[in-house]
Amino acid sequence: MSQQTQIPELDSVGLLRYAWRQLTSMRTALILLLMVGVAAIPGSLFPQRTQNPLQVGQYFKDSPDAARWMDRFYLFDVYGSPWFSAIYILLFISLIGCVLPRTFEHFKAARALPPTTPKNLSRLEHHQSWSAQGNELELARKWFKAKRFRVLEVDGSISAEKGFTRETGNLFFHLALILILLGISFSSLFGMRGEAIVNVGERFVNTPTSYDTLNYGKLYKDSNIPSFMLTVDKFVAQYNVETSAPEDYTLDVSLLRDGSTTIEKKRIKVNSPMTIGSTRVYLQANGYAPVVTVRDSKGDVAFQGPVTFLPQDANLRSIGAIKVPDADPQIGFLGSFLPTYVREGANGGASAFPKALNPRLLLSVWSGDLGLDSGIPQSVYRIDTTGMKQIGLKGLKPGESYVYEGGSITFEGYVQWVNLNFVADPGKKLALLGGIVAILGLLASLFTRRRRIWIRVGDDVEVAGLAKNAAPGLELEIQGFVKMLKGEK
Amino acid sequence: MSRSWAFTSNYLVYSALAVYAISFLAHALETAWAVKVPTDKNSTLDYKRTEKVARIATAMMILGFFLLFAGVIARGISAGRVPWGNMYEFSITGALAFSGAYLIALRKFDLRWLGLLVSISVLLTIGTAITVLYVPSAPLVPALKSEWLLIHVSTAIISGGVFLLSNVIAAAYLYLDRMESKGERTQWAKRLPDLESLDLLSYRLVAFVFPLWTFSVIAGAIWAESAWGRYWGWDPKETWAFITWVAYAAYLHARVTIGWRGRRAAWLCLFAGSTFLFNYIYVNIWGTGKHTYSGL
């Protein structure tokens, strides 16, 4: 026989087959698995656009060149980046390539009978023999049946096998991972996620234009947005008197569904969202909106209503801007709302408690060009004061007014606002099912052992066993088996 | 009422600290005696002398466990909730879970040699908790008010305790492996289990607790769905929980499917465990995201 090995020339099919075999090999799968873990790290070290767009903006402001390069490598969008996707898609292909053939094999093996008892049992592990009494085969048959072994009986010998659940669980675990991935993809294609700030007492009509931000999947259509109307009736926040930490938020709303004439009263809390069909509504944030009236020099109302301010600290010191573009020249107010005002040197005042116990509105008045026509998008919470000059500074209690050159502003009071998240996540049940199956599969595969036990009865009784992967516990099991056969307790 | 419970809890935790310290000293004494005893190089050690000290060490460990257990419970009563609202509470509960995992494993395996490492880790954890991480007992922020707190955090803490125990054993493996590769084990190390059983024990602890960790992550996802409107958002804590999961999954595959044993497996185990520690320490203190509450 020649020792020369034949290396077949690789044609394109051969090459593909070679690549497939490499990809689905266990070693590659392991490397890919570790790579997914390592690739997830940068996303926890750098701010991500999906979670913290403001901080990403700060990176671009602080060091634009570095940020631009980081952005080229998707370091601000790690989990949606091509390289992260490439790794997990390869991992899942490898997983499928590994699991599918094993499923077929396992299906075949599970229906096959155990192999016949080996001739020479004394060569095997846990071998024992003693002189026969005669009824051992009968006893063994019963024992195997009670323990649900699969058995093959041939001429005075029994070959018994157990522990197929291990591989079944293993396969189910891996299939469940695919299920989770499907659920996630399904959600990203057909899901939607929107945010809206609604003042207490106001209505929210569920149409795309009502949202402050709205994102939906590629296959989600505008017409899929369910129509309903919400009225925010009441919002109560409770705080710890010593630490100012929030203790409870309760939001009461009135819901009017499409085609219905009855108004349903609902309650939303942080851990119990409201469900409307496939949409869930979450209470995410809250704050204050001071109500102001701005008059021009003739006393005509130029602006009136609540203005949403953004909370800055645990005591809800909130900042915001009031813009009056119709005045001539244009007027803008930069404001701080302090729910519980206390005097403090540097900022002119601070808030000592998140509840509105002693509300105060601090304003600086600016006159000039608000820059709204420049085409550059502006924050509604800030004013670009480059084309303006400051003409006044004042702190107001509710009901007080401040007269400046060219008009006046009255601090009428305040309302609270809540930030509501509207989420449709159609794939989440699939993902949950995947999670449950994965755990059950894991338990089955980690806590069952596949093993064989043989018995042959002639003049002597011979017993032996074999455990796959040298799993522990077989010795004890065989000891018990032998004791039973010998009639010992 | 709640304040007196908080004081009671503090006293119990302090007492536990003292008792664990005694346990540590006893373990140290035992180890030290064992090193000192041999008179002639080839004789094996006589452990009769150290037996009493070793028993005291284990008894103190058990006493410390119950004191700490009572301390954690009292802390929960004082706050009117499960005692897992901040890092001080995670740390004392984590120390409890770690020493509990050791004591339970001790019933089944001869692990007393590990007591020195376990007691010093518990001592350091409680000490750091009392001196650096302590915050007064207070109610929870609204997002934490959920029955999932009980389920998610308890399983995470138990998993962490067992992961770390497995890590300590893997580290012991590597240490002894190095010692053996240079020659014979030193006298005191001779009584430690052989490399193979260390290797197997470390693996069995991981295999035992990996499904629990999976469950903890999934329970967290279910909770996140009801509190934050999404079940997975790559929050730093979630990301590192995922990394830990992936690392241990790789470890299990390496062992079961490829057949890694010994040194390589121990290193992989240490790597996986360090991702858990990193998540606990780094992400809690310096990280940003939705898992950071009330300072620490």
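Residues numbered from 1 in each chain as written. Chains lettered and ligands numbered in written order. Predicted model: local features only at pLDDT ≥ 70, side-chain atom pairs only at ≥ 80, totals over all residues.

Q: When you look at the packing of helix 7 (residues 136-146) of chain A against helix 10 (residues 474-486) of chain A in this model, what are you seeing that I'm missing?
A: Residue and element names in this part refer to chain A. One way to put it is that helix 7 packs onto helix 10 with a least axis distance of 9 Å and a crossing angle of 135°. In this view, helix 7 runs oblique relative to helix 10, as classed from their interaxial angle. Judged by the sense of rotation from one axis to the other, the crossing of helix 7 with helix 10 is right-handed. In contact with E136, L139, A140 and W143 of helix 7, helix 10 contributes F481, M484 and L485. A class-by-class count of the residues in the contact of helix 7 with helix 10 yields six nonpolar, no polar and one charged. (Axes fitted to C-alpha atoms, helices over the stretch in contact; angles between N-to-C directions. Helix = DSSP H or I, 4+ residues; strand = E, 2+ residues; numbered from the N terminus. Parallel < 35°, antiparallel > 145°, perpendicular 65-115°, else oblique. Left-handed = near helix turned anticlockwise from the far one by under 90°. Contact = placed C-beta atoms within 7 Å. Nonpolar A, V, L, I, M, F, W, Y, C, P; charged D, E, K, R; others polar.)

Q: Would you explain the domain arrangement of chain A in this entry?
A: Put simply, an interface is often sized by how much accessible area is lost when its parts join up. Residue and element names in this part refer to chain A. Considered domain by domain, chain A is made up of domain 1 (12-107), domain 2 (114-163 + 449-486), domain 3 (189-285 + 420-435) and domain 4 (287-418). In this complex, domain 3 contributes 13 residues to the contact, which on the side of domain 4 involves 13 residues. When residues of the side of domain 3 that touches domain 4 are traced back to their parent elements, those giving at least two are strand 4 (192-199), strand 7 (228-239) and strand 11 (279-296). Taken together, the residues of the side of domain 3 that touches domain 4 break down into 10 nonpolar, three polar and no charged. (Domains from an automatic or database assignment.)

Q: Even after reading the chapter, I still don't get the sheet that holds strand 1 (residues 128-131) of chain A, so can you show me in this structure?
A: Note on sheets: strands pair through backbone hydrogen bonds, and any given pair is parallel or antiparallel. All names here are of chain A. Ordered by their spatial adjacency, five strands build an open sheet running 1-23-22-3-2, and the pairing between neighbours is antiparallel. Looking at which strands have only one partner, the edges of the open sheet turn out to be strand 1 and strand 2 (150-154). Geometrically, the sheet is characterised by an average inter-axis angle of 15° between neighbouring strands, direction not taken into account. Alignment of strand 2 against strand 3 (residues 157-162), held across five bridges, turns out to be antiparallel. Note on strand 3: the bridge partner recorded for V151 is A160. Of the strands in this sheet, strand 2, strand 3, strand 22 (451-457) and strand 23 (460-467) are in contact with helix 7, which crosses strand 3 at around 15°. Across the sheet, helix 10 lies against strand 1, strand 22 and strand 23, angled at about 160° from strand 23, the strand it touches most. (Pairing = 2+ DSSP bridges.)

Q: Hey, could you run me through the domain arrangement of chain B in this one?
A: Residues and elements named next belong to chain B. The domain boundaries assigned to chain B delineate domain 1 (1-139) and domain 2 (140-296). Opposite the 29 residues of domain 1 that make contact, domain 2 presents 25 residues. Broken down by secondary-structure element, the contributors of at least two residues to the side of domain 1 that touches domain 2 are helix 1 (2-36), helix 3 (87-108) and helix 4 (115-133). Top contributing element to the side of domain 1 that touches domain 2 by residue count: helix 3, with 10 residues.

Q: Explanation requested: the pairing of strand 4 of chain A in the structure shown.
A: In regular strands, side chains alternate between the two faces of the sheet. All names here are of chain A. Of the strand pairs in this sheet, strand 4 and strand 6 (residues 213-216) are connected by four bridges, and their pairing is antiparallel. In the strand pairing of strand 6, E195 is matched with T213. With eight bridges connecting them, strand 4 and strand 21 (residues 407-424) associate as antiparallel partners. Counted as the bridge partner of N199 is W417 from strand 21.

Q: Even after reading the chapter, I still don't get the nonpolar core, so can you show me in this structure?
A: If you look at soluble globular proteins, the nonpolar side chains tend to sit buried side by side. Counting 151 residues, the largest nonpolar core has L165, A250 and Y251 of chain B as its most contacted members. A total of 16 residues in this core trace back to one element, the largest contributor, which is helix 6 (residues 195-228) of chain B. What A250 of chain B contacts, discounting residues up to four positions off in sequence, is L30, L33 and L34 of chain A together with L268 of chain B. Counting 15 residues, the second largest nonpolar core, distinct from the first, contains F144, A160, I455 and V461 of chain A. (Core = buried A, V, L, I, M, F, W, Y, C linked by C-beta atoms within 7 Å. Buried ≥ 20, exposed ≤ 12 C-beta atoms within 10 Å, placed from the backbone.)

Q: Sorry, what's going on with the sheet that holds strand 7 of chain A here?
A: Residue and element names in this part refer to chain A. If you trace the four strands from one edge of the open sheet to the other, you get 5-7-8-9, paired in antiparallel fashion. At either end of the open sheet lies a strand with only one pairing partner, and these are strand 5 (203-205) and strand 9 (264-269). Pairwise comparison of adjacent strand axes, ignoring direction, gives a mean angle of 30° for this sheet. Bridge count for strand 7 against strand 8 (residues 246-257) is 11 bridges, and the pairing is antiparallel. From the neighbouring strand, F228 faces strand 8, where its bridge partner is R257.

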